[in-house]
Amino acid sequence: MLIKRFRVQVIEPGLRAHLQEVHQTTTWVIAARTLESAWRKFKTQHFGVLGPNPADYDVRFDSCGSA
C-alpha cells in the first residue's frame, strides 16, 4: 500500500511568530490519499468545528512510501 504524506505549515508571519513564542508546532505531517483529504484531516484533528483561515497555511506533498 502506498502512503502519501503532506506537509502543512503556517505561512502567516504573525501566527507563526505567536506559535513559536508559546512553543507550539508550526509544521505538521499528515498521511492522506490527496491534498484535499490532507487539508480536511488537518482541520478536523486540530480545529474541530471551527476551521482555520486557509490563507494562513500551506499544504504540499512531502513524501510517499509503502506500508
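Just above sits the structure.
Quick look at the structure, then. What you are looking at is a predicted structure, and each value in this text was computed from that prediction instead of being measured.

## Digging into the nonpolar core
Among the nonpolar cores identified, the biggest contains twelve residues, and these are F6, V8, V10, L19, W28, I30, A32, A38, W39, F42, Y57 and V59. When residues of this core are traced back to their parent elements, those giving at least two are β1 (2–10), β2 (27–31), α2 (35–47) and β3 (57–66).

## Looking at the packing of aromatic side chains
This model, assessed by the stated rule, comprises eight aromatic pairs. Consider the rings of F42 and F47, whose centres lie 5.8 Å apart with planes at 70°: the pair is edge-to-face. Relative accessible area serves as the criterion here: at 0%, F42 is assigned to the buried category. Taken together, the aromatic side chains of W28, W39, F42, F47 and Y57 make up a single cluster linked through ring pairs.

## Here we look at the pairing of β1
Bridge count between β1 and β3: nine bridges; the pairing is antiparallel. Pairing of I3 across the sheet is with G65, part of β3. Bridging between β1 and β2 involves five bridges; their strand directions are antiparallel. Within β2, the residue paired with V8 across the bridge is W28.

Analysis parameters
Counting restarts for each chain: residues are numbered from 1 in the order of the written sequence. Residue-level local features of this predicted model are given only where pLDDT is at least 70; pairs of side-chain atoms are given and counted only at 80 or more, and the full residue set underlies all totals for whole chains, interfaces and linings. Side-chain metrics rest on all non-hydrogen atoms present in the structure, leaving aside hydrogens and water. The definition of a nonpolar core used throughout is a set of buried Ala, Val, Leu, Ile, Met, Phe, Trp, Tyr and Cys residues joined through side-chain atoms within 4.5 Å. Exposure categories follow from relative accessible area, calculated using a 1.4 Å probe and restricted to protein chains: below 20% of the type maximum is buried, above 50% is exposed, and the middle band is partly exposed. Numbering of helices and strands starts at the N terminus; helices are DSSP runs of H or I of at least 4 residues and strands are runs of E of at least 2. Any two of the Phe, Tyr and Trp rings considered here, Trp counted by its six-membered ring, make a pair once their centres fall within 6.5 Å; the pair's planes then place it as stacked at under 30 degrees, edge-to-face at over 60, or tilted in between. One bridge is not enough; two strands pair if DSSP finds at least two bridges between them.

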